[in-house]
Amino acid sequence: MRFSKALVFLLILSCAEVAQAAYLGAIGPVYPIGEENALTLIMKKLREKAQSGALQKFQAQAVRRSINSVTNMPPVEGIVAATQRTRRRIDPTVTYTQAITTDTGQIVIPAGTRINPLEVMRLSKSLIFFDGRDVAQRKAVHRLVARDPTKVKPILIAGSWLEITKAWHTQVYYDQQRLLSQRFGIRAVPSVIYQQGNQLVLDEIPAKEWQ
């Protein structure tokens, strides 16, 4: 029977007392130690746990914890439910304070260059940020997605993306580590971001006003 290094390591920790010793000097004749060495004892305990089913139970628990951490990610903190309509414009222009060069030192983008990514590539879909735990928000966004899923990209700031993806038969995304929320300055949801000219428009709209 083969065991993973991680499981062996965990068992080593649980049997650490077996391996601890201190040299106190020789006070008489030295004889071979009749006890099992640490590795033999560890492998014996692993086999015992495997036979009793404890090892399989431990592995199943580890798998469940891993799946839960992916399907139920922590909510984005600091974002509330929208209570009134607001609109903000976002200028996505980036200014390069330092020159961008190739490995050979050739300058690709000089320092001080300002680039608006919307002049190079358009935002093909509207981004809709919402809280999947809020029934009203979930229903409002679902109606919009069902109308034309090719024009919107639903993004959760809380809730189970896997559960909603299965229910809607449409890929639902998650704003992990608040990367997008911070980038766009989202403070309330539902929020919709879409392109207008060379700028982005962010609309915060209460769920009850969505049709």
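What counts and what doesn't
- Residue indices begin from 1 for each chain and proceed along its sequence in written order.
- Per-residue local features of the predicted model are confined to residues with pLDDT of at least 70, and side-chain atom pairs are confined, for both listing and counting, to 80 or more; whole-chain, interface and lining totals are unaffected and use all residues.
- Note: side-chain values were computed over all heavy atoms of the structure, leaving out hydrogens and water.
- Each helix corresponds to a stretch of at least 4 residues labelled H or I by DSSP, and each strand to a stretch of at least 2 residues labelled E; elements are numbered beginning at the N terminus.
- The buried label goes to any residue with under 20% of its type's maximum accessible area, the exposed label to any with over 50%, and the partly exposed label to all in between, with areas taken from a 1.4 Å probe on protein chains only.
- Think of the arc as the fan of directions from the helix axis to the C-beta atoms.
- pLDDT expresses how confident the predictor is about each individual residue, on a scale running from 0 to 100.
- We call two residues in contact when some of their heavy atoms are within 4.5 Å.
- Nine residue types can take part in a nonpolar core, namely buried Ala, Val, Leu, Ile, Met, Phe, Trp, Tyr and Cys, and a core is a set of them joined through side-chain atoms within 4.5 Å.
- We call two strands paired when DSSP finds no fewer than two bridges between them.
- To obtain each axis, a line is fitted to C-alpha atoms, and for helices this fit is confined to the stretch in contact; angles are then taken between N-to-C directions over 0 to 180 degrees.

Trainee: How should I be thinking about unusual backbone geometry in this particular structure?
Mentor: Where the residue is not glycine, phi is negative for most of them; where a peptide bond is considered, it is trans in most cases. Here the amide bond leading from V189 into P190 is cis, since omega sits at 5°, within 30 degrees of zero. One non-glycine residue, H169, lies in the positive phi region at around 60°. Relative to the elements of secondary structure, H169 occurs in the loop between α6 (161-168) and β9 (173-174). One non-glycine residue, R178, lies in the positive phi region at around 60°. Take R178: it is sitting in the loop between β9 and α7 (179-184).

Trainee: I would appreciate a short explanation of α6 in the present structure.
Mentor: Helical geometry: 3.6 residues make up each α-helical turn, so side chains three or four residues apart lie on a common side. Residues I164, T165 and W168 constitute the buried set of α6. Around the axis of α6, the buried residues are gathered within 105° of arc, so they sit on the same side. Projecting away from the buried face of α6 at angles above 90 degrees are the exposed residues E163, K166 and A167. Looking one or two residues past α6, H169 carries a phi angle of roughly 60°, positive in sign.

Trainee: Would you take a moment to explain the confidence of the model for the protein for this structure?
Mentor: Caution applies to low-pLDDT parts of the model: their predicted coordinates are not meant to be read in detail. Of all residues in the protein, 73% attain a pLDDT of 70 or more, and the chain-wide mean is 80. Throughout residues 5-27 the model reports pLDDT below 50, and contacts reaching past four residues in sequence, or to other chains, amount to 15 contacts.

Trainee: Help me understand the nonpolar core, please; the structure alone is not making it clear to me.
Mentor: Across soluble globular proteins, nonpolar side chains show a tendency to be buried alongside one another. Grouped together as the largest cluster of nonpolar side chains are 31 residues, with contacts concentrated most on F129, F184, I186 and I193. Looking at this core element by element, the count peaks at 5 residues for strand β8 (residues 152-158).

Trainee: Is there a simple way to explain the sheet that holds strand β12 (residues 199-204) in this structure?
Mentor: Pairing within the open sheet is mixed, and its 6 strands lie in the order β2-β12-β11-β7-β8-β9. Where the open sheet ends on each side, the last strands, each with one partner, are β2 (86-90) and β9. Bridge count for β8 against β9 is 2 bridges, and the pairing is parallel. Along β9, the bridge assignment pairs I155 with Y173. Sheet strands in contact with helix α5 (residues 135-147) are β7 (126-131) and β8, and its direction is about 155° off that of β7. On the sheet, α6 packs against β7, β8 and β9 and is oriented at approximately 145° with respect to β8.

Trainee: Is there a simple way to think about the pairing of strand β11 (residues 191-196) in this case?
Mentor: The side chains of a regular strand alternate between both faces of the sheet. Here 3 bridges tie β7 to β11, and the two strands are oriented antiparallel to one another. Directly across from I128, in β11, lies its bridge partner V192. The sheet contact formed by β11 and β12 spans 6 bridges and is antiparallel. Counterpart to Q196 in the pairing with β12 is Q199. Following β11, the chain reverses through 2 residues before pairing antiparallel with β12; G197 in that reversal takes a positive phi of roughly 65°.

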